[in-house]
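Each chain, written out:
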Amino acid sequence: MNEFNLCSLVVHLSPSRADEAIAAVATLPGVEIHAKTDDGRLVVTAIDQPGVRAFDQIAEIHRTPGVVAASLVYHAFDSDSEPNAPQAHEAANTDLRRA
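Report follows, based on the coordinates. (Residues numbered from 1 in each chain as written. Predicted model: local features only at pLDDT ≥ 70, side-chain atom pairs only at ≥ 80, totals over all residues. Heavy atoms only, no water.)

## Observations regarding the environment of leucine 13
Logical step 1: Assignment of secondary structure puts leucine 13 in strand 1 (residues 3-13).
Logical step 2: Taking the relative accessible area as the measure of exposure, leucine 13 reaches 6% and is therefore buried.
Logical step 3: Beyond its immediate chain neighbours, meaning those up to four positions away, leucine 13 contacts Ala18, Ala21, Ile22, Gly40, Leu42, Gly66, Val67 and Val68. (Helix = DSSP H or I, 4+ residues; strand = E, 2+ residues; numbered from the N terminus. Buried < 20%, exposed > 50% of the residue type's maximum accessible area, 1.4 Å probe, protein only. Contact = heavy atoms within 4.5 Å.)

## Concerning helix 1 (residues 18-26)
Logical step 1: Where helix 1 is concerned, the buried positions are Ala18, Ala21, Ile22 and Val25. Looking straight down helix 1, one finds its buried side chains confined to an arc of 100°; they lie on one side.
Logical step 2: Where the residues of helix 1 are buried, they touch strand 1, strand 2 (31-36), strand 3 (41-47), helix 2 (54-63) and strand 4 (67-79). (Arc of directions from axis to C-beta.)

## Here we look at the side chain of asparagine 5
Logical step 1: Of note, asparagine 5 is situated in strand 1.
Logical step 2: Within polar-contact distance, the side chain of asparagine 5 engages the side chain of aspartate 48 at 2.9 Å.
Logical step 3: One polar contact links asparagine 5 to histidine 75, side chain to side chain, over a distance of 2.7 Å.
Logical step 4: In this structure, asparagine 5 is in contact with Ala46, Ile47, Asp48, Ala54, His75, Ala76 and Phe77, ignoring residues within four places of it in sequence. (Polar contact = N/O pair within 3.5 Å; in protein donor to acceptor, adjacent residues only side chain to side chain.)

## Re the pattern of salt bridges
Logical step 1: Taken as a whole and judged by the stated rule, the model has four salt bridges.
Logical step 2: Put simply, arginine 17 and glutamate 20 hold a salt bridge, and the shortest N to O gap is 2.9 Å.
Logical step 3: The exposure class assigned to arginine 17 is partly exposed, which follows from its relative accessible area of 35%.
Logical step 4: With relative accessibility at 41%, the residue glutamate 20 sits in the partly exposed group.
Logical step 5: The closest approach of N and O atoms between arginine 63 and glutamate 60, which form a salt bridge, is 2.9 Å. With arginine 63 and glutamate 60 both in helix 2 and three residues apart, this pair spans about one turn of that helix. (Salt bridge = Lys/Arg side-chain N within 4 Å of Asp/Glu carboxyl O.)

That's the geometry; what it means functionally is another story.
Okay, here's the thing in structure tokens:
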């Protein structure tokens with residue numbers, strides 16, 4: 001049985017080390033940078049790879065110099081034993097304006 005994890009993150013960077021952090025994150029296996037903002041945020045996905053779990057890559061992103069925070073915003077899990085039953089879980093999204 002093969003399991004598949006897809007995680008999406010918003011990564012906040014220190015402006016003084018943003019270029020260094022972007023370069024380091026971009027080299028992680030199974031990690032892809034999809035967008036960058038001028039104020040130092042990245043939209044990143046981490047996907048399980050043979051021998052490398054997405055969870056471990058997220059931990060590595062947290063340890064990367066220049067990364068201030070990384071927030072999981074989406075997670076999907078699937079296995080080939082249930083091809084038509086993916087399980088997606090979105091992280092809690094709190095609207096602070098209504099709180």
